[in-house]
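Results of the structural survey
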There are 2 protein chains.
Amino acid sequence: MAPDDTHLIEHRTGGQTLLSGGFLEVRRDTVRLPDGSSATREYIQHPGAVAVVPILDDGRLVMVRQYRYPIAKVLLEFPAGKRDPGETTLACAMRELAEETGYTAREWAYGGRIHNAAAYTTESIWIWFARGLVAGAKRPDVGEFVETVLLDEASLEALDVADDLPDVKTVIGLRWLQMGLDGRRPLGWRSAEEAREPVMAAP
Amino acid sequence: MAPDDTHLIEHRTGGQTLLSGGFLEVRRDTVRLPDGSSATREYIQHPGAVAVVPILDDGRLVMVRQYRYPIAKVLLEFPAGKRDPGETTLACAMRELAEETGYTAREWAYGGRIHNAAAYTTESIWIWFARGLVAGAKRPDVGEFVETVLLDEASLEALDVADDLPDVKTVIGLRWLQMGLDGRRPLGWRSAEEAREPVMAAP
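So, here's what we can say about the structure. (Residues numbered from 1 in each chain as written. Chains lettered and ligands numbered in written order. Predicted model: local features only at pLDDT ≥ 70, side-chain atom pairs only at ≥ 80, totals over all residues.)

Section: the overall build of chain A
Along the backbone of chain A there are 5 helices and 11 strands. Principal-axis analysis of the C-alpha atoms places the extent of chain A at approximately 60 × 40 × 40 Å. Relative to its full complement of 203 residues, chain A shows a buried share of 40%. Sequence-distant contacts, at least 24 apart, represent 63% of the contacts inside chain A between residues at least 6 apart. (Helix = DSSP H or I, 4+ residues; strand = E, 2+ residues; numbered from the N terminus. Buried ≥ 20, exposed ≤ 12 C-beta atoms within 10 Å, placed from the backbone. Contact = placed C-beta atoms within 7 Å.)

The following block contains the structure:
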């Protein structure tokens, strides 16, 4: 999977910011295509996000229901949010879990990294797993209305089978959870303290 | 999963187009939050996209490798693309499969619908499965450089296990393929002609 990709790669030749200062930052770059011709690429500059699969001692998962205005639907999702500047993905995971659900976790395992719209955003979503959960008070952002729900893995799978679990980070978190449980994709659990060490907290 | 969600739902009170005419269309709406306060929501207006999981008679999958400029990586993906105006998701699936890989398919099965960035895009991705594949000539869009690769399901799973399959529609297509094979999420195969009937071609 590491061939010579010069026949595919595009090179930046210039660019400008089209939109900035609000919620979305949009850029338009000019690029040189593999055949030497030119094209433009418009995309969202995104700081990256983190999602957390929080597993209670009884196996249920701590999830959130949230209205997603662009699609006009309430989605069932694993807790998630954007990285703050300079924040490691683990620090972001700990913060978002606490803010959205109130839970803190004694143990953490890194799941993996996904790209959710590589055609037009720089966003990565890093997925972390959390267990040894301790309940606390939620601290949602101003203007954020989030409901906590507890669901077991079988119920979540039933929603996926019914085509009623459309959020991508949530489907993939469920997949990796199940692959961890059946041994196909083992999770490396560490205490919160160990996980915070730089070598683990990266990326 | 259908409770009263008035405590979560946001209502549009106004809006404007921030960016239009290029590749991305960006809108900013004002909304009334569940507590009566106001907020703004910026998002990409997207026509929706389709991904295809094309299964050869020997079980290998027809995939594409493509440079994704915003993340500066070549991604391994199932063939996919944006819907043209008025196009059904099945017609889009047939078109994108033929354009990007040259293959046509005798049978089709609808997989499901995902939302890949519901915080800031209206995009849905509908996933279709295709089999009874017949090879033909690729017809990539101008400025599109796409390489076709054939991989079996075990190799794809190995990439996912190694955290080297980051494209979300591809991971979820693989999940649904495997759940179809093991009976957890059966696929309803139909001939291309039957599948084209309006009731099936929808959404």
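Considerations on the interface of chain B and chain A
With 56 residues of chain B at the interface, the matching set in chain A holds 56 residues. Where the side of chain B that touches chain A is concerned, the elements lending two or more residues are β1 (11-19), β2 (26-32), β3 (38-44), β5 (61-68), β6 (73-77), β8 (104-114) and α3 (168-181) of chain B. Partitioned by chemical class, the residues of the side of chain B that touches chain A number 30 nonpolar, 10 polar and 16 charged. (Nonpolar A, V, L, I, M, F, W, Y, C, P; charged D, E, K, R; others polar.)

Let's talk about the nonpolar core
Grouped together as the largest cluster of nonpolar side chains are 82 residues, with contacts concentrated most on A:W128 and B:W128. Here A:W128 is in contact with A:V50, A:V52, A:T89, A:L90, A:A93, A:W108, A:Y110 and A:G111, once residues within four sequence places are set aside. In this structure, A:V26, A:A119, B:Y43 and B:A118 belong to the second largest nonpolar core, which totals 20 residues. (Core = buried A, V, L, I, M, F, W, Y, C linked by C-beta atoms within 7 Å.)

Some remarks on the sheet that holds strand β7 (residues 80-82) of chain B
All names here are of chain B. Judged by pairing direction, the sheet is mixed, and its 5 strands sit side by side in the order β7-β4-β9-β8-β11 without closing on themselves. Two strands lie at the open edges of the sheet, namely β7 and β11 (190-191), each paired on one side alone. Here β8 runs beside β11; their pairing, made up of 2 bridges, is antiparallel. By the bridge assignment, E107 is partnered in β11 with S191. Lying on the sheet, α3 is in contact with β4 (49-54), β7, β8 and β9 (125-134); it crosses β9 at an angle near 60 degrees. (Pairing = 2+ DSSP bridges. Axes fitted to C-alpha atoms, helices over the stretch in contact; angles between N-to-C directions.)

Quick notes on helix α1 (residues 89-101) of chain B
Residues and elements named next belong to chain B. In this model, α1 (13 residues) spans 18 Å end to end at C-alpha, consistent with the 18 Å of a helix rising 1.5 Å per residue. When α1 is considered as a whole, its buried residues turn out to be T89, L90, C92, A93, M94, E96, L97, E100 and T101. Of the residues one or two after α1, G102 is the one with positive phi, at around 85 degrees. (Expected span 1.5 Å × (residues − 1).)

Here we look at the relation of the copies chain B and chain A
Overlaying chain B with chain A gives an RMSD of 0.0 Å, the required rotation being 180 degrees about an axis along which the chain moves by 0.0 Å. The superposition operator between the copies reduces to a two-fold rotation axis. Nearest to the rotation axis, the C-alpha of B:N116 is located 2.7 Å from it, this being the minimum over chain B. Take the interface residues of chain B: 100% of them recur as interface residues in chain A, which is what a same-surface contact looks like. (Least-squares fit on C-alpha atoms with pLDDT ≥ 70 in both.)

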